[in-house]
Amino acid sequence: MRPPDSQEQAVAVFAALIDPTRRALLDELARAGPATVTDLARRLPISRQAVAKHLDQLAEAGLISSGEPVGRRHPYRLEPAPIRAAQIWLATLANRWDDRLTALERALDATATPTLDQGAT
């Protein structure tokens, strides 16, 4: 299986982040560090089964990974690479947009009629 390109990775991240429960789980992992399904279910107002389902979707997007098991406990932790891929994609999009706005501004400046102040000098 080939690794996803940055745009594919960004799409997976955005699809995972569309759900507020998954965002809450990521926030909790970012705030408190690695946690198990049971730990997260205690902290959030959702069932253990719902937490597990959402963690599976976050793992599919590469946003989290399961750490080394401690007995029967499997702590989940954040993975920063997919967020970075999404940030890079957004930055590229923003730069392209900025370039287009700058070109539009230059075109408008070039076609603008001189003001009275400019004509008097």
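In every chain, residue numbers begin from 1 and rise along the written sequence. Reporting of local features is limited, given that this is a predicted model, to residues whose pLDDT is at least 70; pairs of side-chain atoms are given and counted only at 80 or more, and all residues count toward the totals for whole chains, interfaces and linings. The side-chain values count all of the structure's non-hydrogen atoms but skip hydrogen atoms and water molecules.

Let's talk about the overall build of the protein
Under the convention used in this document: Note on conventions: DSSP H or I runs of at least 4 residues are helices, E runs of at least 2 residues are strands, and numbering of each starts at the N terminus. The contact definition used throughout considers only heavy atoms, calling two residues in contact when any of these lie within 4.5 Å. With residues, only the protein chains shown are counted as cover, and all accessible areas are computed by Shrake-Rupley using a 1.4 Å probe.
Secondary structure assignment for the protein yields 6 helices and 2 strands. Taken from the N to the C terminus, the helices and strands of the protein come in the order α-α-α-α-β-β-α-α. Contacts in the protein between residues far apart in sequence, at least 24 positions, make up 49% of those at least 6 positions apart. As presented, the protein carries roughly 8700 Å² of accessible surface, and 57% of it is formed by carbon and sulfur atoms.

Quick word on the nonpolar core
To keep things clear, this is the line we draw: Nonpolar core, defined: a set of buried Ala, Val, Leu, Ile, Met, Phe, Trp, Tyr and Cys residues in which side-chain atoms within 4.5 Å join the residues together. Classification of residues uses two cut-offs on accessible area relative to the type maximum, computed with a 1.4 Å probe and protein chains only: under 20% is buried, over 50% is exposed, and between them is partly exposed.
Leu25, Leu40, Val51, Leu55, Leu58, Leu63 and Ile64 are the most contacted members of the largest nonpolar core, which totals 19 residues. Listed by contribution, the elements that provide at least two residues to this core are helix H1 (6-17), helix H2 (20-32), helix H3 (37-43) and helix H4 (48-60). Beyond its immediate sequence surroundings of up to four residues, Leu25 is in contact with Leu40, Leu44, Val51, His54, Leu55 and Leu58.

Notes on the pattern of salt bridges
Our working rule: The term salt bridge refers to a side-chain nitrogen of Lys or Arg lying within 4 Å of a carboxyl oxygen of Asp or Glu.
Enumeration according to the criterion identifies 4 salt bridges in this entry. Linking Arg31 and Glu28 is a salt bridge whose minimum nitrogen-to-oxygen distance equals 2.5 Å. Of this pair, Arg31 and Glu28 both sit in helix H2, separated by 3 residues, roughly a single helical turn. A salt bridge links Asp39 to Arg73; its shortest N-O distance comes to 3.1 Å. Placement of the pair is Asp39 in helix H3 and Arg73 in the loop between strand E1 (64-66) and strand E2 (76-78), with a sequence separation of 34 residues. The buried category is assigned to Asp39, whose relative accessible area is 14%. On the accessibility criterion, Arg73 (40% relative accessible area) is partly exposed. Connected through shared salt-bridge partners, Glu28, Arg31 and Arg43 make up one network.

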